[in-house]
Amino acid sequence: MIIRIWGTRGSYPVARAEMLRYGGNTTCVEVRVGEICVILDAGTGLRPLGEALSREANPPDTINLLITHTHWDHIIGFPFFAPIFNPHKRIEIYGLQRTQSSLRTTIANALSDPLMPISLEDLRAEMNFHEIHDEVEFEIGGQVRISTAQANHPYRALAYRIESDAGALVFIPDTGPFHTILFGDERIAWTGRPLPNTEEELSILADMRAKIVALAQGADWMIYDSQFTDEQYARFPHWGHSTPGQAREIAEAAGVKHLLLFHHDPHHTDAQIDAMLAAQQTPPNPNLRISAAFEGMELRKGVAL
């Protein structure tokens, strides 16, 4: 299993000199297991990934794209992904089943006029859409096992576990913690103070947390939403994002080996992310390695380049 990070940023892409080290593209991660190619999310990092695939001597003919949710920062790279214009490619697209709109319709709408000068029908690759939900399991190519759980994010999002005999990666780029606000399919009205949770909501949050911990249990790597500082979270709990400390709590509860802080805030500079990372490395946990994901990072068993 080889994991490559192509986009680490949340909300929207950025291009500033003080943000070069961790990168400015929005979320996109590549996983390769033998000849199987799995891509997690279609943020702006998908564009350079598509270019890299086209330079390979034997690029994959089938690409499996797993989308956590269709907020703009997670699909904005899709129209610029080179393989979608190649008639010899097949794209298997997996995403959350919703009541508001089908996955295919959502992607088609993002491509349609007046947002884009192309449509889904203009694309040349074979594309198949698979609507899934939380707590499902399926296999890709007989070698890669995919499991899902629900993340605590506005309008719902999926968390994924990608596992093979070579290792296990858990991908949870967007989630709030599991003690303050329960997110569903409605917008949370914010008055400046959290509304008290009902006993039912607290029970649902506790169950959701338990399923996230179970999904991540013993994983080699966990890429987790760490967008906010503690001070930012106190101001924006209704945005559905976590802090590095909250990410570490989940990693330690699940016995994860390597936690990667992810979905960096678009306002955070390299120096600020360094400081957020350093705060979680003290005191050290000998059983948990903690890093901040950066563009160009490559992960293999026992190696992080």
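As the structure is a computational prediction, the values presented were derived from the model and not from experiment. (Residues numbered from 1 in each chain as written. Predicted model: local features only at pLDDT ≥ 70, side-chain atom pairs only at ≥ 80, totals over all residues. Heavy atoms only, no water.)

A. Quick peek at the overall build of the protein chain. When helices and strands are tallied, the protein chain shows six helices and 15 strands. For the protein chain, whose C-alpha radius of gyration is 18 Å, the value lies close to the compact-globule estimate of 19 Å for 305 residues. Projected onto its principal axes, the C-alpha positions of the protein chain cover 50 × 40 × 40 Å. Looking at the protein chain residue by residue over its 305 residues, the buried ones come to 54%. Summarising the internal contacts of the protein chain: among those between residues at least 6 apart in sequence, 71% fall at separations of at least 24. Working note: accessible area of the protein chain is about 13,400 Å², and carbon and sulfur atoms make up 52% of it. Here the protein chain contributes 25 positively and 38 negatively charged side chains, and the mean placements of these two sets differ by 4 Å. (Helix = DSSP H or I, 4+ residues; strand = E, 2+ residues; numbered from the N terminus. Rg over C-alpha atoms; globule rule 2.2 N^0.38 Å. Buried < 20%, exposed > 50% of the residue type's maximum accessible area, 1.4 Å probe, protein only. Contact = heavy atoms within 4.5 Å. Areas by Shrake-Rupley, 256 points an atom, 1.4 Å probe, with all protein chains shown as cover. Lys, Arg positive; Asp, Glu negative; His and termini not counted. Charge placed at Lys NZ, Arg CZ, Asp CG, Glu CD.)

B. The arrangement of the nonpolar core in detail. Residues Ile3, Val29, Val31, Leu40, Leu66, Tyr160 and Ile162 are the most contacted members of the largest nonpolar core, which totals 30 residues. Setting aside chain neighbours within four positions, we find Ile3 in contact with Val29, Glu30, Val31, Leu169, Trp221, Met297, Glu298 and Leu299. With 29 residues, the next largest nonpolar core counts Ala149, Phe178, Leu288 and Ile290 among its residues. (Core = buried A, V, L, I, M, F, W, Y, C linked by side-chain atoms within 4.5 Å.)

C. Broad picture of the environment of Met222. Here Met222 lies in strand S11 (residues 221-225). According to the relative accessible area criterion, Met222 is buried, its value standing at 0%. In this structure, the C-alpha to C-alpha distance between Met222 and Pro237, residues 15 residues apart in sequence, is 22 Å. Apart from residues lying up to four places away in sequence, Met222 is in contact with Val170, Ile172, Ala216, Ala247, Ile250, Ala251, Val256, His258, Leu259 and Leu260.

D. Main features of the packing of helix H3 (residues 199-216) against helix H5 (residues 244-254). The contact between H3 and H5 brings their axes to 8 Å, and the two run at 60°. On the basis of the axis angle, H3 is oblique to H5. Crossing angle aside, the handedness with which H3 passes H5 is right-handed. For the pair formed by H3 and H5, the contact residues are Arg209, Ile212, Val213 and Ala216 on the first element and Glu249, Ile250, Ala253 and Ala254 on the second. Taken together, the residues of the contact of H3 with H5 sort by class into six nonpolar, no polar and two charged. (Axes fitted to C-alpha atoms, helices over the stretch in contact; angles between N-to-C directions. Parallel < 35°, antiparallel > 145°, perpendicular 65-115°, else oblique. Left-handed = near helix turned anticlockwise from the far one by under 90°. Nonpolar A, V, L, I, M, F, W, Y, C, P; charged D, E, K, R; others polar.)

E. Broad picture of the side chain of Asp73. Tracing the backbone shows Asp73 in the loop between strand S4 (62-66) and strand S5 (90-96). Summary of buried charges: Asp73 has no salt-bridge partner, and the nearest side chain of opposite charge, Arg9, is 10 Å away. What Asp73 contacts, discounting residues up to four positions off in sequence, is Gly10, Ser11, Tyr12, Thr26, Thr27, Gly43 and His263. (Salt bridge = Lys/Arg side-chain N within 4 Å of Asp/Glu carboxyl O.)

F. Representation of helix H2 (residues 103-111). Along H2, the positions that sit buried rather than exposed are Leu103, Ile107, Ala108, Ala110 and Leu111. Along the long axis of H2, the arc covered by the buried residues comes to 160°, so they all point the same way. (Arc of directions from axis to C-beta.)

G. Region of interest: helix H1 (residues 46-55). If you check which residues of H1 are buried, you get Leu46, Pro48, Leu49, Gly50, Ala52 and Leu53. Those residues of H1 that are buried lie in contact with strand S1 (2-7), strand S2 (28-33), strand S3 (36-40) and S4.

H. Local environment of the sheet that holds strand S7 (residues 137-140). Spatially, the seven strands line up as an open sheet ordered S7-S8-S9-S10-S11-S12-S13, and their pairing is mixed. Each of the sheet's edge strands pairs with one partner strand only, and the pair in question is S7 and strand S13 (289-292). On average, adjacent strands in this sheet sit at an angle of 20° to one another, irrespective of strand direction. Relative to S13, strand S12 (residues 258-262) is paired through four bridges, and the arrangement is parallel. Along S13, the bridge assignment pairs His258 with Arg289. In the packing of H3 onto the sheet, contacts are made with strand S8 (144-151), strand S9 (157-164), strand S10 (167-172) and S11, and the angle to S8 comes to roughly 160°. Relative to the sheet, H5 contacts S11, S12 and S13, its axis offset from that of S11 by approximately 145°. (Pairing = 2+ DSSP bridges.)

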